[in-house]
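A structural walkthrough
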Number of protein chains: 2
Amino acid sequence: MGGDAGIPVTVPAAFAFAQRFPDTQLLLVGLPHELALAVDAAKKDFPNLASARFPIVAASEVVAMDDPVEVALRRKKDSSMRVAAQTVKDGLADACVSAGNTGAWMAISRYVLKTLDGIDRPAIATALPNQKGGATTMLDLGANVDCTAEHLLQFALMGAALAQVGNDGRSPSVGLLNIGEELIKGNEVVKQAADLLRQSALNFYGNVEGDDIYKGTVDVVVCDGFVGNVTLKASEGLARMMSVIVREEFNRSWLTKLIGLIAMPVLKRFRKRVDNRQYNGATLLGLRGVVIKSHGSADQIAFGFALERARQAVASGLLARTTEAINKLTKNQAASDLKSSGDSV
Amino acid sequence: MGGDAGIPVTVPAAFAFAQRFPDTQLLLVGLPHELALAVDAAKKDFPNLASARFPIVAASEVVAMDDPVEVALRRKKDSSMRVAAQTVKDGLADACVSAGNTGAWMAISRYVLKTLDGIDRPAIATALPNQKGGATTMLDLGANVDCTAEHLLQFALMGAALAQVGNDGRSPSVGLLNIGEELIKGNEVVKQAADLLRQSALNFYGNVEGDDIYKGTVDVVVCDGFVGNVTLKASEGLARMMSVIVREEFNRSWLTKLIGLIAMPVLKRFRKRVDNRQYNGATLLGLRGVVIKSHGSADQIAFGFALERARQAVASGLLARTTEAINKLTKNQAASDLKSSGDSV
């Protein structure tokens, strides 16, 4: 139901996705009448797809994009978000995806699904393109404003588990976002987190700086949700500004428009490579279920990528991998606690 | 002496600047022999400029780009940075500019010049391009990792005084960098800072998000040095990645290279508009003197912009404006303290 466009984007995207992945079934959660109409419309474009692959799960309420978290959580107890999370909880679905209100989606999925053992706080992670042609996984992007060093360690662990998808079993390298060597080297929390990461079983690279996100220095960049959210939004703003300026320059006169036409194939390839739709779909990590957040402004193509991210997470056993990593960490900590208590005797 | 290239960039840039601004004199501070050779070389390109406009002020030491702050401050007491800051302190110069080690430059200029009354911590500010074709002033960019609400208020005040240069007397709008409405709305310090800013005489817009920096929503964006540094560096990284991808796409084949040649005039205009050299020159605000930090990797053109920034700050009376703003704030606070103590009687 969610996102700026709602059903007209999500339902056709679900059909296109089902077409590409014949082994999937897509539960459409929300206002049943509206969804039924959208399914009928979509079936015209996908006559070969059986309706049975798109069961409608009824929910009587919809969380608005501007609903406060409390309203979404306490007053709308039959919201499509709540019901969708419950389908995962009940084992009816392997993953759930929403393009709605981020804060509400995090709060509701956390309330319904609960966090994994050993995880204090869920985090939001996304993949960003980098200069090496790969993707950098970054977290937290806004779920946690004030973080302790232990939280950052847990983010690192969850981010590494996520980045391992398609990483050929190689242990993803983890960088801790910090500021320049030449300045005061970060705050106390970041310093302590670096110590914890050094002692962990993770492939810890060390501190990285803002530009390392796009350089592709490491597979995973860890930071608190305030820094991550500001950085992500600033990047979106910069990319938008640059594309506006490109458009302005090519629209300056008939000559530049002609040049634009000639350069179109190259510009298109460029746009395709930096198209942020292919990076749509943030993962809400640390929950007992796969929960994906699509950008609210996602179009059908972008929403399809969010669905794909859900599929990848399930297919690659994200939850099992995360749980295993936490267990290993807890065991190591217990061992080192034992060792240090032994030392002190 | 500083920067990645050192004298081969700074001295020719000084001559080019002197050519453009006939009323300026440029004190060249550093190793006298090396500077004398560079002056001789530069004079060949600028035969009309009198040597008297480029007096050499001798310093026997140079702070290295990787010198720890303590070494720069305590061991190198006759460094070019120290001597340069002293020329401002002694009234021999109106402003000083360095492309060297940021941490050392901040520490040394602060040690020599001291902070203005009412300012607890100096901050680093820079101008960034925005979609409206103007510039957004952003601070702090890394001088202060942990900030209180009062520090953020002082940054806002200093940033507004800086942004007023060429703002036609209009009071610059100030935004406080925060994260999305839909999420937990920022940390406690940011909330308190918003309260202080609302009570201040500043033209406070309210909270802004990362993308507002490049949208040009406000004239001044205020944040702590950790967030500011990461955001700035991430932006640099993203811009670099995009320009690498553009180059790769135009170099793909003889056809795309040909298209690149045809599109050259448009690409050049684009590059000129987003050329970050024109934004070179961060201002170290809150000191009893105009201190500018050039990017270490600045070339001659970029370093020229840093010199220009120093000139503008002096010509526009930045220090007087900042002092006035602080005095007004202090008076208002005293008045409101008096009022609230009166209320309680």
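The structure contained in this document is the topic of the report that follows. (Residues numbered from 1 in each chain as written. Chains lettered and ligands numbered in written order. Predicted model: local features only at pLDDT ≥ 70, side-chain atom pairs only at ≥ 80, totals over all residues. Heavy atoms only, no water.)

A few points about the overall build of chain A
Just so we agree on the cut-off: In this text, helices come from DSSP runs of H or I with a minimum length of four residues, and strands from runs of E with a minimum of two, each type numbered from the N-terminal end. Radius of gyration here uses only the C-alpha atoms, and the compact-globule reference equals 2.2 Å multiplied by the residue count raised to the power 0.38. Exposure is judged per residue with a 1.4 Å probe applied to protein chains only, and the accessible area is read against the type maximum: over 50% gives exposed, under 20% gives buried, and values in between give partly exposed. Should any heavy atoms of two residues lie within 4.5 Å, those residues are counted as being in contact. Calculation of accessible area relied on Shrake-Rupley with a 1.4 Å probe; when residues are assessed, cover is drawn exclusively from the protein chains displayed. Asp and Glu count as negative and Lys and Arg as positive, but His and the ends of the chain are not part of the count. A single reference atom marks each charge: NZ on Lys, CZ on Arg, CG on Asp, CD on Glu.
Secondary structure assignment for chain A yields twelve helices and ten strands. Rg of the C-alpha trace for chain A: 22 Å, near the compact-globule value of 20 Å for 345 residues, within the 12% margin. With the principal axes as the frame, chain A shows a C-alpha extent of 75 × 55 × 40 Å. Every one of the 345 residues in chain A was classed for burial, and the buried ones make up 54%. Taking contacts inside chain A between residues at least 6 apart in sequence as the whole, the part at least 24 apart equals 72%. Entry remark: accessible area of chain A is about 15300 Å², with carbon and sulfur atoms responsible for 54%. Computing the positive centroid from 38 side-chain charges and the negative centroid from 36, chain A places the two 5 Å apart.

Regarding the pattern of salt bridges
As a reminder, the rule being used: Every case where a carboxyl oxygen of Asp or Glu lies within 4 Å of a side-chain nitrogen of Lys or Arg is listed as a salt bridge.
Tallied over the entire structure, the rule returns 26 salt bridges over all chains. With a shortest N-O distance of 2.4 Å, A:Glu209 and B:Lys233 are connected by a salt bridge. Residue A:Glu209 is found in the loop between strand 7 (203–208) and helix 8 (212–215), and its partner B:Lys233 is found in helix 9 (residues 225–250); the two belong to separate chains. Take B:Lys233: its relative accessible area is 15%, and that puts it in the buried class. Across the pair A:Arg273 and B:Glu248 runs a salt bridge whose closest N-O atoms are separated by 2.7 Å.

Some words on the side chain of A:His151
With respect to the helices, strands and loops of the structure, A:His151 is situated in helix 6 (residues 149–163). Ignoring sequence-local partners within four residues, the contact set of A:His151 consists of A:Asp120, A:Arg121 and A:Asp146.

Remarks on the interface of chain B and chain A
Keep this limit in mind: Two parts placed together each lose some accessible area under a 1.4 Å probe, and the buried area is that loss summed for both. We call two N or O atoms a polar contact when they sit within 3.5 Å, provided that within protein one can donate a hydrogen and the other can accept it, with sequence-adjacent residues counted only if both atoms are side-chain atoms. All residues other than Ala, Val, Leu, Ile, Met, Phe, Trp, Tyr, Cys, Pro, Asp, Glu, Lys and Arg, Gly among them, are scored as polar; the first ten of these are nonpolar and the last four charged.
Of the residues lining the interface, 60 residues belong to chain B; the matching set on chain A comes to 60 residues. Overall, the association of chain B and chain A removes approximately 5600 Å² of surface from exposure, summing both partners, and the carbon and sulfur fraction of that is 72%. Where chain B packs against chain A, one counts eight salt bridges. One can count ten residue pairs in polar contact (both at pLDDT 80 or more) joining chain B with chain A. Taken together, the elements giving at least two residues each to the side of chain B that touches chain A come down to helix 5 (102–113), helix 8 (212–215), helix 9 and helix 10 (254–274) of chain B. With 21 residues, the top contributor of residues to the side of chain B that touches chain A is helix 9 of chain B. Split by residue class, the side of chain B that touches chain A holds 31 nonpolar, 17 polar and twelve charged.

Overview of the sheet that holds strand 7 (residues 203–208) of chain B
All names here are of chain B. We apply this condition: Note on pairing: DSSP must find at least two bridges between two strands before they are called paired. Every axis corresponds to a line fitted to the C-alpha atoms, with the helix fit spanning only the stretch in contact, and the corresponding angles, defined between N-to-C directions, vary from 0 to 180 degrees.
Spatially, eight strands are ordered 3-10-9-4-5-8-6-7 in an open sheet, and the strand pairing comes out mixed. At either margin of the open sheet sits one strand with a lone partner, and together these are strand 3 (95–98) and strand 7. Neighbouring strand axes in the sheet, compared pairwise and without regard to direction, differ in orientation by 25° on average. Where strand 4 (residues 123–129) meets strand 5 (residues 135–139), five bridges bridge the pair, whose relative direction is antiparallel. Counted as the bridge partner of proline 129 is alanine 135 from strand 5. Here helix 5 sits on the sheet in contact with strand 3, strand 4, strand 9 (282–285) and strand 10 (290–293), set at roughly 175° to strand 10.

Focus: the relation of the copies chain B and chain A
Test applied: Copy-to-copy superposition: least squares on the C-alpha atoms, limited to residues that have pLDDT of at least 70 in both copies.
For the match of chain B to chain A, the screw axis carries a shift of 0.1 Å, the RMSD comes to 0.1 Å, and the turn is 180°. Taken together, the rotation and translation relating the two chain copies correspond to the operation of a two-fold axis. Mapped onto chain A, 100% of the interface residues of chain B again fall at the interface, so both copies present the same surface.

Regarding the sheet that holds strand 3 (residues 95–98) of chain A
All names here are of chain A. Spatial ordering of the open sheet is given by 3-10-9-4-5-8-6-7, a layout of eight strands whose pairing is mixed. Each having just a single partner strand, strand 3 and strand 7 make up the two edges of the open sheet. Taking the axes of each pair of neighbouring strands and ignoring which way they run, one obtains an average angle of 25° across the sheet. As defined by bridge partners, strand 6 (residues 173–177) adjoins strand 8 (residues 220–222) across three bridges and the pair is classed as parallel.

Concerning the nonpolar core
Keep this limit in mind: We define a nonpolar core as any set of buried Ala, Val, Leu, Ile, Met, Phe, Trp, Tyr and Cys residues linked to one another through side-chain atoms lying within 4.5 Å.
A:Leu176, A:Val222, B:Leu176 and B:Val222 are the most contacted members of the largest nonpolar core, which has 166 residues in total. In contact with B:Leu176, not counting residues within four places along its chain, are B:Leu152, B:Val190, B:Ala193, B:Ala194, B:Leu197, B:Phe204, B:Gly206, B:Asn207, B:Val208 and B:Val222.

Considerations on the packing of aromatic side chains
To be explicit about the condition: Only the six-membered ring of Trp is used, alongside the rings of Phe and Tyr, when aromatic pairs are assigned; centres must lie within 6.5 Å, and planes under 30 degrees apart are stacked while those over 60 apart are edge-to-face, with the rest tilted. Both a distance and an angle decide whether a charge sits over a ring: NZ of Lys or CZ of Arg must be within 6 Å of the ring centre and within 35 degrees of the ring normal.
Per the stated rule, a full pass over the model turns up six aromatic pairs over all chains. On the numbers, 5.9 Å between centres and 35° between planes, the contact of A:Phe15 with A:Phe46 is tilted. One end of the pair, A:Phe15, is in helix 1 (residues 7–20); the other, A:Phe46, is in the loop between helix 2 (32–45) and strand 2 (56–58), with 31 residues separating them in the sequence. Like A:Phe15, the residue A:Phe46 is buried in the burial classification. Arranged with centres 4.8 Å apart and planes meeting at 45°, the rings of A:Phe17 and A:Phe21 form a pair that is tilted. Each member of the aromatic cluster is reached from another via a ring pair, and the members are A:Phe15, A:Phe46 and A:Phe54. Geometry around B:Tyr111 places B:Lys114 over its ring, the cationic atom sitting 4.7 Å from the centre.

With respect to the pairing of strand 5 (residues 135–139) of chain A
Residues and elements named next belong to chain A. Of all five residues in strand 5, four are buried; the element is thus mostly enclosed. Where strand 4 (residues 123–129) folds back onto strand 5 in an antiparallel hairpin, the turn is made up of five residues, including glycine 133, whose phi is positive at roughly 90°. Strand direction decides the pairing type here: strand 5 and strand 8, joined by three bridges, are parallel. Directly across from methionine 138, in strand 8, lies its bridge partner valine 221.

A word on helix 2 of chain A
Residues and elements named next belong to chain A. The condition that has to hold: The span one expects for a helix is its residue count, reduced by one, times 1.5 Å. Think of it as the arc spanned by the lines of direction from the helix axis to the C-beta atoms.
Across its 14 residues, helix 2 extends 20 Å between first and last C-alpha, which sits within 8% of the 20 Å expected from 1.5 Å per residue. Residues Leu35, Ala38, Val39 and Ala42 constitute the buried set of helix 2. What you see down the axis of helix 2 is that its buried residues fit within an arc of 105°, all on one side. Set apart from the buried face of helix 2 by more than 90 degrees, the exposed residues are His33, Leu37 and Lys44.

Side note on a nonpolar patch on the surface
Applied cut-off: Put simply, a patch holds well-exposed residues, over 30% relative accessible area, that have no salt bridge, with like charges counted together within 9 Å and Val, Leu, Ile, Met, Phe, Trp or Tyr side chains within 5 Å.
A cluster of nonpolar side chains, contributed by A:Trp254, A:Leu255, A:Leu258, A:Leu261, A:Ile262, A:Met264, B:Trp254, B:Leu255, B:Leu258, B:Leu261, B:Ile262 and B:Met264, occupies part of the molecular surface with about 1200 Å² of accessible area. Counting only elements with at least two residues in the nonpolar patch, the list comes to helix 10 (254–274) of chain A together with helix 10 of chain B. Locating B:Leu258 in the fold gives a position in helix 10.

Functional significance is not addressed by these values, which are geometric in nature.
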